[in-house]
Amino acid sequence: CSILASLCRLLQTCYLNPNKTKVHGGLVDNNDNTAKPHSNSVGTGGVRPENSQDGDVSRDIKCTMAPESRFDCAKDRLLSQRECEERGCCYAPLPGAEGPPWCFYPSVYPGYKMGPFTPTTRGQTATLTRATPSYLPRDISTLHLEVIEEAAGCLHLTLKDPSSQRYEVKLPGDVPQKKADTLDALYTTEYQSDPFGFIVRRKSNGRVIMNTTVAPLLFADQYLQLSTSLASSLVSGLGEHYTSLLLDLNWTSLTLWNRDMAPHADANLYGSHPFYIVQEEDGLAHGVFLLNSNAVEVMFQPTPALTWVAIGGILDLYVFMGPDPQSVTRQYLQVIGYPMMPPYWSLGFHLCRWGYTTTNTTRRVAQRMHNAKFPLDVQWNDLDYANKRRVFTFDPWRFGDLPEMVEEFHKRGMKYILILDPGISSTSPPGTYPPFDDGLKRDVFIKNATGHILIGKVWPGPTAFPDFTNPETRQWWEDCIRDFHSKVPVDGLWIDMNEPANFVQGSVEGCPDGDLEHPPYTPSEHINIIRFTFLISFYTFNKNINVPKTLHRPFVLSRSSFSSIGRFSGVWTGDVRSDWEQLRYSIPAVLQFSLFGVPLVGADICGFGGNTTEELCVRWMQLGAFYPFMRNHNDQQNAPQEPYIFGQKAQAAMRSALNLRYSLLPFLYTLLHHAHTAADTVARPLFMEFPTDPNSQTIDRQFLWGSSLLISPVLEQGAEELAAYLPPGTWYSMHNVSYLTMYHTLTNPLPFYSKGQYLLLPAPLDIINVHVREGHIIPQQEPALMTTASRRNPFFLTVALSAGGWARGDLFWDDGDSLDTFEMGNYCYVIFIAGQSQVVSDPLRLNGALDGLVLGGLQVFGVPSPPLYVLANGDKVRDFTYRSDTKVSSTLMSFCRFVSCVCLQFLLIMLLLCLSPLSGLDSDQPGFAHVRGVYSPMGSLMH
């Protein structure tokens, strides 16, 4: 009976609406742009339809829909049935308090009516009007719609109040805005005039990407609402939250509002990134970006669909059509800006703790790291250094020789970073704290409603907050950095507490009782309505830490973030706890920031909050070796977690992971170059590289570096085996890679020929499983205790041949420190190609940065038969090996200068694989050939 009733209702709907076509729950008019407005009347509770001839029957039809298709009509407050129906909405209770709303919009609901389009130089515009107000206070009755087809894969729509200026987020100045050729567009658009809505389809297959006709558009002074259907339930993004890579759409919500909150579920965290990516069918993908920095809530429902609600600003919407996932992120970054290029040293290991209470303590930590043969590039100090916790100062007793300590680190080849909170202490006696004294004179601090400086409370106590929207504030901030840097030559700054954090609600005097503090609607998760933007400080620091005499590339690390932060800064994921769950969730956190255009990202290794264990810290060091940014950071009251404090077995495992990372730094640096110049991702979700593989769509316990390396860490306590997914293709274990002296134990000797399957891999405590993908060449260097040393060590290449015997790789190399080397052409770029029994190089650009370096070795995976001999630039190589079980040929070549072997197009390094019987070679074991040779000093050239 219920099925028949539903069919009757459907027939009645078609009969009563003969000129409408149902599209994903929304109604699209088939009669040009001349749809007739629905008759409405306004009650005290808002819009209420007049009684029609259909009466209750028509209302029942409009309110009959599947529960998962209901769109909430009472987001702002809990409504009774009478209040709900006074809004013109449907009321139908369901069992349980969670799940679909009881008060929801009918299938047809009055809204804005769109007028005709007017062409412009950038696209087209139209006016939207409401005949009657909505149920929201201070409703805006007229809107201006602008549609810009900015590129073949990018559609840009804005909705704003034409009569009143509202805050709009400014894009970077170098982002082009232009009208694309409609013929090349990857999308088509349809518009419903009354009530207004639009549909975006993929032109190639007609799939609906967005359909905003599913629920009404609302636009009031402090409430903006836009709903849309989704093409798939595979949605990622909308950070920063403690979630899996794929978001839960089962009646959940996410709040975007920066907040000082340690990572945990169901909470808005430090950053706001209103961008999501949807995996469609057949490997296609699209993304959507709402450029709005107000508090935003995103509600999901399993239709699938979502609803944006913002409490201010405008609706500034970008739709990115891909068509593949990597193209989506590239299109997004073309709007927000490409990431900065970090200095090479910042890719090394960083060590920090809140609790290094003196310079001598800090010195000892760094010395003990190197004494224990742990690589360490950067030593950090938390707020311990500051005099009375005031930034731009250092304690005269505990850190009185801070400048000298920094110079000592520099002489050893190390770098030094300290914390900088943006809050300025306001209680020092006049004339004793220049940052506050000068800030008062220059009127740089945020004021309260009475015109006085707003005083909050942070680490130094009562605190004033700089107003970075004021140009004079930015100049003052620059002057403070310049002055402090002249005394303490730090190599980078760590911007913390910049959401901003505030230990009191609003101010020490409370908050006024107004609309800004108490808007008509607040998101369901916690927000502190007093929020200021500190992101401009990153730009100022990037621009000015190089003064007065140097041109070194700066380094900035931020906790708070918004779209575009990757152009100026790296990010860490905040105050994670020392437990296995947080270890596991650090992977989707890092991958989400990759989607947001922040490649330089990592979590606090071993955890910041609570005491770690030896096993947890080893596994976290192994995973952290593959965070693009690698730092161990610890809170002051916790047990120590520096690598050297653990047992010898644990130390060996940590040392092995660090050495593996340092050997891969040339590869990581090259990936970051591609992120900087082409918007590629560095730490990459599997679905981005294998978009047509269904198994890769949901994986967030493994990840890739670029397209070449698959990282499969242990994430459970006590595990010594790992069920790892290997996407289709051939994969070679990195544990077959042996640096230059061929010493590494072959733990997983055989290649894996995967059809796209899970494999049970051994994972003892000293191992992290890393696999090289067929068809790729990885440039590496012999590791050292600091990058200043490792950059002078021999290079070696790991070549993973495809089934057809081919592979490709590249190397970007500059001095690792100077500004804008790519933009000024001051770099080397080399392409490596393997095929037809040889490995050759093609240097596309040279600048001398590789002079004096040698190619120390070459390993080739997938060599089908033992080679008879190996030639390098026409000369026989004496020292090479071959293993028939692993199909790996290894060659020592320290006699070959890297420039000679790699950087001259016609003086090529060639591995000639003459497939003849293994005669005349020494044999150490069955199936393993080894030719002994002489390892010459680094940099020498033997003929």
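Structural notes, computed from the coordinates. (Residues numbered from 1 in each chain as written. Predicted model: local features only at pLDDT ≥ 70, side-chain atom pairs only at ≥ 80, totals over all residues. Heavy atoms only, no water.)

As a further point, take the pairing of strand 25 (residues 378–381). Burial along strand 25 is two-sided: V378 and W380 facing one way and Q379 and N381 facing the other are all buried. Relative to strand 25, strand 24 (residues 349–351) runs parallel, the two being bridged by 2 bridges. When the bridges of strand 25 are listed, L351 appears paired with Q379. Traced from strand 24 through helix 5 (residues 359–371) to strand 25, the parallel crossover comes out right-handed. With 4 bridges joining them, strand 25 and strand 26 (residues 415–420) adopt parallel strand pairing. Of the residues in strand 26, the one forming a bridge with W380 is I417. Handedness of the strand 25-helix 6 (residues 402–411)-strand 26 crossover: right-handed. (Buried < 20%, exposed > 50% of the residue type's maximum accessible area, 1.4 Å probe, protein only. Helix = DSSP H or I, 4+ residues; strand = E, 2+ residues; numbered from the N terminus. Pairing = 2+ DSSP bridges. Right-handed = clockwise from strand over helix to strand, strands pointing away.)

We now examine the state of the cysteines. Evaluated as defined, the whole model comprises 4 disulfides. Paired through a disulfide, C63 and C90 show a sulfur-sulfur distance of 1.9 Å. The chirality of the disulfide connecting C63 with C90 is left-handed, given an S-S dihedral of about -80°. Separated by 27 residues along the polypeptide, C63 in helix 2 (residues 55–63) and C90 in strand 5 (residues 90–91) bring together distant segments of the chain. Residues C63 and C90 agree in their burial class; the two are buried. Covalent S-S linkage joins C84 and C103, the inter-sulfur distance amounting to 2.1 Å. Between C84 and C103 the sulfur-sulfur dihedral comes to about 95°; the bridge is accordingly right-handed. (Disulfide = S-S within 2.5 Å.)

Here we come to the side chain of R70. Counting through the fold element by element, R70 comes out in the loop between helix 2 and helix 3 (81–86). Within the buried core, R70 has no salt-bridge partner, and the shortest N-O distance to an opposite charge, that of E68, equals 8.2 Å. (Lys, Arg positive; Asp, Glu negative; His and termini not counted. Salt bridge = Lys/Arg side-chain N within 4 Å of Asp/Glu carboxyl O.)

Glancing now at the pattern of salt bridges. Under the counting rule described, the total for this entry stands at 35 salt bridges. For D443, the salt bridge identified is with K447, shortest N-O distance 2.9 Å. A residue is classified by how much of its surface remains accessible, and K447, at 36% relative accessible area, is partly exposed. Linking E689 and R773 is a salt bridge whose minimum nitrogen-to-oxygen distance equals 2.9 Å. Within this pair, whereas E689 is found in helix 13 (residues 686–689), its partner R773 is found in strand 44 (residues 769–773), the two being separated by 84 residues in sequence.

Our focus in this paragraph is the sheet that holds strand 15 (residues 218–220). Spatially, 5 strands are ordered 15-16-22-21-18 in an open sheet, and the strand pairing comes out antiparallel. The open sheet has two edge strands with one neighbour each: strand 15 and strand 18 (253–256). Ignoring strand direction, the axes of neighbouring strands in this sheet form an average angle of 15°. Summarising the sheet, strand 16 (residues 223–229) and strand 22 (residues 305–310) pair through 6 bridges and their orientation is antiparallel. From the neighbouring strand, Q225 faces strand 22, where its bridge partner is V309. (Axes fitted to C-alpha atoms, helices over the stretch in contact; angles between N-to-C directions.)

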